[in-house]
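# Structural overview
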Amino acid sequence: METFLEFLREVLKGVVRETGAYFFRKSILQSKKTTPRRRKQGGSRKR
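In this report, the structure presented in the accompanying data block is examined. (Residues numbered from 1 in each chain as written. Predicted model: local features only at pLDDT ≥ 70, side-chain atom pairs only at ≥ 80, totals over all residues. Heavy atoms only, no water.)

### Here's the deal with the overall build of the protein
- What the protein contains, in helices and strands, is one helix and zero strands.
- Across the 47 residues of the protein, 0% fall into the buried class.
- When the accessible surface of the protein is totalled, it reaches about 5,600 Å², and 57% of it is carbon and sulfur. (Helix = DSSP H or I, 4+ residues; strand = E, 2+ residues; numbered from the N terminus. Buried < 20%, exposed > 50% of the residue type's maximum accessible area, 1.4 Å probe, protein only. Areas by Shrake-Rupley, 256 points an atom, 1.4 Å probe, with all protein chains shown as cover.)

Set out below in C-alpha cells:
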C-alpha cells in the first residue's frame, strides 16, 4: 500500500508540474510579440 501511495504522489507531482509549465508557457511566453522587431535601416554606412 505504501508503494502505491508513493507512486500516486509521484504521478500527481508530474501532473502539477506539467500543468504549471503549460499555463506558464501560455500566459507568459505567448503574450510576447511573435514577430521580432526589424532593425531600422539607417542612412549611409562607411566602408
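Anyway, onward from the coordinates.
### Some words on the packing of aromatic side chains
- Inspection of the entire model under this criterion finds one aromatic pair.
- Aromatic pair Tyr-22 and Phe-23: ring centres 5.3 Å apart, planes at 70°, arrangement edge-to-face.
- Residue class for Tyr-22 comes out partly exposed when judged on its relative accessible area of 43%. (Phe/Tyr/Trp six-rings, centres within 6.5 Å; stacked < 30°, edge-to-face > 60°.)

### So, the pattern of salt bridges
- For the structure on display, the rule yields one salt bridge.
- Two residues, Lys-13 and Glu-10, come together in a salt bridge whose shortest N-O distance is 3.4 Å. Residue Lys-13 and its partner Glu-10 are located together in helix α1 (residues 2-29), separated by three residues, close to a single helical turn.
- Taking relative accessible area as the criterion, Lys-13 reaches 41% and is therefore assigned partly exposed. (Salt bridge = Lys/Arg side-chain N within 4 Å of Asp/Glu carboxyl O.)

### Structural notes on a nonpolar patch on the surface
- Taken together, the side chains of Met-1, Phe-4, Leu-5, Phe-7, Leu-8, Val-11, Leu-12 and Val-15 make up a nonpolar region of the molecular surface, amounting to roughly 810 Å² of accessible area.
- Along the chain, Leu-5 falls in helix α1. (Patch = residues over 30% accessible without salt bridge, like charges linked within 9 Å, V, L, I, M, F, W, Y side chains within 5 Å.)

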